[in-house]
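Chains, contacts and geometry: an overview
These are the residues of each chain, in order.
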Amino acid sequence: MKVALRCISCEKTYSQDTRSYTCPECSGLLEVCIDLDEVRLTKGMLEQRSFTLWRYRELMPVMDASRAVSLREGGTPLYRAPEIAEYAGVREVYIKNEGANPTGSFKDRGMTVGVTKALEFGARAVGCASTGNTSASLSAYAAKAGIRCLVLLPAGKIALGKLAQAVLHGATVVGIRANFDVALSLIKEACAKYGVYLLNSINPWRLEGQKSCGFEIAEQLGWEVPDRVVVPMGNCGNISAIWKGFREFRSLGLIDELPAMTGIQAEGASPVVEAFRAGRSEIVPVKEPETVATAIRIGAPVNAPKALRAIRESGGCAESVSDAEILEAQRVLARCEGVGVEPASAASVAGLRKLVEMGEVDRSERVVCVTTGHALKDPEIIFSRYEKPLEIEPSILELGKIISSGA
Ligand code: AN7
């Protein structure tokens, strides 16, 4: 496989052995470029393979895919969701449920490739700053690889399930008395100083794994591309990666069309939405981001330039939603479709509904909403929002009262 790194700002290219996470010349974001003329991947070849991320190994830039650090990530379900279609007001909606990955979020797609690259580069330790899911995923993949893992978290702002995972998998977990953006600067500095391999989404190799979500959507819809893919945005790596996936599939002639990429942020953390509205390519960071969707409580998303490019190139859009809209969408997904997601994930559905209402999205569209993380990630939000379970003595009389009351 012929692979290089290219800066998305100054377009300078670098060898794939370059260890820098950003452009050594201009500090722009790097993107992995695979020479697609040399790739042979056909629908027939894919038919023979099991439904996991590594079925796309021809497009995964690692030295030896058979030795990848893998927990069987990817291959998540795509549900037809008629109740959500009605809720949002469009013809057809599908839910791409990334909560079904091994550690319960889409991050696993990135980490299987990212940690495999870390080993290729000879790293003995990996690290990240995280709003939760990145740390949960990286901890598990580092454990599988047998290397050390350092995670920095904004203290007190991590959903309980995610924190539990990082602790369980044996990472060195450090709470920072500051927000995610500050924690990310600190881990970058620590990685440079102590030779720890950084696996936040500024790492272009990690995003190569995440592009597989786009591959899967195309395949699961029978090689028909949806009109639109709606993705919650935090640090903005995922929407950029999914877009890259669709583009590569089109370059290979596996699909003919491309979807409109649509990014949703929470109102209290929406610098990319503001930049999109203003027609700017630079964001103005939000100093004190705040939202119930702690996963996307990010004020200075590092991949904003990639996300804005994806949204604009694809003819998509960006919108923000309130905490109330997010929590309502979480409830509808859970109660009407049986799909339990964490708040950040529900932002995609809430955003779609809002965009239809605003007239930005046509009611005739066929839309895929990506739900990025599992409901169990954040049990506390559920208990704070819903009635506590009933408790009674083991008596059929008492139980009968409840049954008859219709509760
Ligand atoms: C459930 O874990 O940034 O726009 O440090 O956990 O690619 O950042 C999490 C992000 C959406 C946003 N949904 O994805 C982290 C972290 C869920 C998430 C996002 C995250 P990006």
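Use the structure listed above.
Residues numbered from 1 in each chain as written. Predicted model: local features only at pLDDT ≥ 70, side-chain atom pairs only at ≥ 80, totals over all residues. Heavy atoms only, no water.

Quick look at the site of the ligand now. Near the ligand lie 21 residues; those nearest to it are Asn133, Thr134, Asn235, Cys236 and Thr372. Residue threonine 131 places a main-chain N or O atom 2.8 Å away from an oxygen atom belonging to the ligand. Here glycine 234 contributes a backbone N or O atom positioned 2.8 Å from an oxygen atom of the ligand. Notes on the ligand: free accessible area 480 Å², of which the protein chains cover 99%. Of all the secondary-structure elements, those providing two or more residues to the shell around the ligand are helix H4 (133-145) and helix H9 (237-251). Taken together, the residues that form the shell around the ligand break down as eight nonpolar, eleven polar and two charged. (Near = heavy atom within 4 Å. Polar contact = N/O pair within 3.5 Å; in protein donor to acceptor, adjacent residues only side chain to side chain. Areas by Shrake-Rupley, 256 points an atom, 1.4 Å probe, with all protein chains shown as cover. Helix = DSSP H or I, 4+ residues; strand = E, 2+ residues; numbered from the N terminus. Nonpolar A, V, L, I, M, F, W, Y, C, P; charged D, E, K, R; others polar.)

The subject of this paragraph is the environment of glycine 114. Relative to the assigned elements, glycine 114 resides in helix H3 (residues 107-120). Exposure remark for glycine 114: the relative accessible area of 0% places this residue in the buried category. Measuring from C-alpha to C-alpha, the distance between glycine 114 and alanine 164 comes to 22 Å, with 50 residues separating the pair along the chain. Sequence-distant contacts of glycine 114, defined by excluding residues within four places in its chain, comprise Tyr197, Leu199 and Arg206. (Buried < 20%, exposed > 50% of the residue type's maximum accessible area, 1.4 Å probe, protein only. Contact = heavy atoms within 4.5 Å.)

When helix H5 (residues 160-168) is considered as a whole, its buried residues turn out to be Gly161, Lys162, Gln165 and Ala166. Viewed end-on, H5 has its buried residues packed into an arc of 135°, placing them on one side of the element. Facing away from the buried side of H5 by over 90 degrees, the exposed positions are Val167 and Leu168. Buried residues in H5 make contact with H4, strand S8 (172-176) and helix H14 (379-385). At the C-terminal side of H5, glycine 170 shows a positive phi close to 90°. (Arc of directions from axis to C-beta.)

What follows covers a negative patch on the surface. On the surface, Asp227, Asp256, Glu257 and Asp362 cluster together to form a negatively charged patch. Structurally, the position occupied by glutamate 257 is in the loop between H9 and strand S11 (260-266). Residue glutamate 257 is classed as exposed on the basis of its relative accessible area of 52%. (Patch = residues over 30% accessible without salt bridge, like charges linked within 9 Å, V, L, I, M, F, W, Y side chains within 5 Å. Salt bridge = Lys/Arg side-chain N within 4 Å of Asp/Glu carboxyl O. Lys, Arg positive; Asp, Glu negative; His and termini not counted. Charge placed at Lys NZ, Arg CZ, Asp CG, Glu CD.)

Next up on the list: H4. Taking 1.5 Å per residue as the helical rise, H4 with its 13 residues ought to reach 18 Å, and the 18 Å between its terminal C-alpha atoms agrees with that figure. Listed in full, the buried residues belonging to H4 are Asn133, Thr134, Ser135, Ala136, Ser137, Leu138, Ser139, Ala140, Tyr141 and Ala142. Where H4 is buried, its residues meet H3, strand S6 (125-129), strand S7 (148-154), H5 and helix H7 (204-210). Following H4 by one or two positions, glycine 146 has its phi on the positive side, about 75°. (Expected span 1.5 Å × (residues − 1).)

If you want to describe how two helices pack, look at the angle between their axes and the distance between the axes. Relative to each other, helix H10 (residues 271-278) and helix H11 (residues 304-313) sit at 50°, their axes nearing to 11 Å. Between H10 and H11, the interaxial angle falls into the category oblique. The hand of the H10/H11 crossing is right-handed. Facing Val272, Ala275 and Phe276 of H10, the residues of H11 in contact are Ala304, Leu308, Ile311 and Arg312. (Axes fitted to C-alpha atoms, helices over the stretch in contact; angles between N-to-C directions. Parallel < 35°, antiparallel > 145°, perpendicular 65-115°, else oblique. Left-handed = near helix turned anticlockwise from the far one by under 90°.)

Turning next to the sheet that holds S6. Within the open sheet, the four strands sit side by side as S8-S7-S6-S9. Their pairing is parallel. The open sheet has two edge strands with one neighbour each: S8 and strand S9 (197-198). In terms of strand pairing, S7 meets S8 through five bridges, oriented parallel. Within the sheet, the bridge partner assigned to proline 154 lies in S8 and is isoleucine 176. (Pairing = 2+ DSSP bridges.)

Looking now at the nonpolar core. In terms of nonpolar packing, the biggest core is built from 92 residues, with Val126, Tyr197, Phe246 and Phe249 touching the most fellow members. Counting residues domain by domain, this core receives three or more from each of domain 1 (1-38) and domain 2 (78-104 + 206-385). Setting aside its immediate chain neighbours within four residues, phenylalanine 249 contacts Leu41, Tyr56, Leu59, Phe215, Ala218, Trp223, Leu254 and Ile255. If you look at the next biggest cluster of nonpolar residues, it comprises 33 residues, including Ala81, Ala293, Val332 and Ala344. (Core = buried A, V, L, I, M, F, W, Y, C linked by side-chain atoms within 4.5 Å. Domains from an automatic or database assignment.)

So, about the sheet that holds strand S13 (residues 366-371). Strands sit in the order S4-S5-S13-S10-S11-S12 across an open sheet of six strands; the sheet is mixed. At either end of the open sheet lies a strand with only one pairing partner, and these are strand S4 (78-80) and strand S12 (317-321). Adjacent strand axes in the sheet meet at a mean angle of 25°, parallel and antiparallel pairs treated alike. Bridge analysis of S4 against strand S5 (residues 92-97) gives three bridges, and the strand direction is antiparallel. Bridged to tyrosine 79 within S5 is isoleucine 95. Sitting on the sheet, helix H8 (residues 212-220) is in contact with S4, S5, strand S10 (228-232) and S13, with an inclination near 135° to S5.

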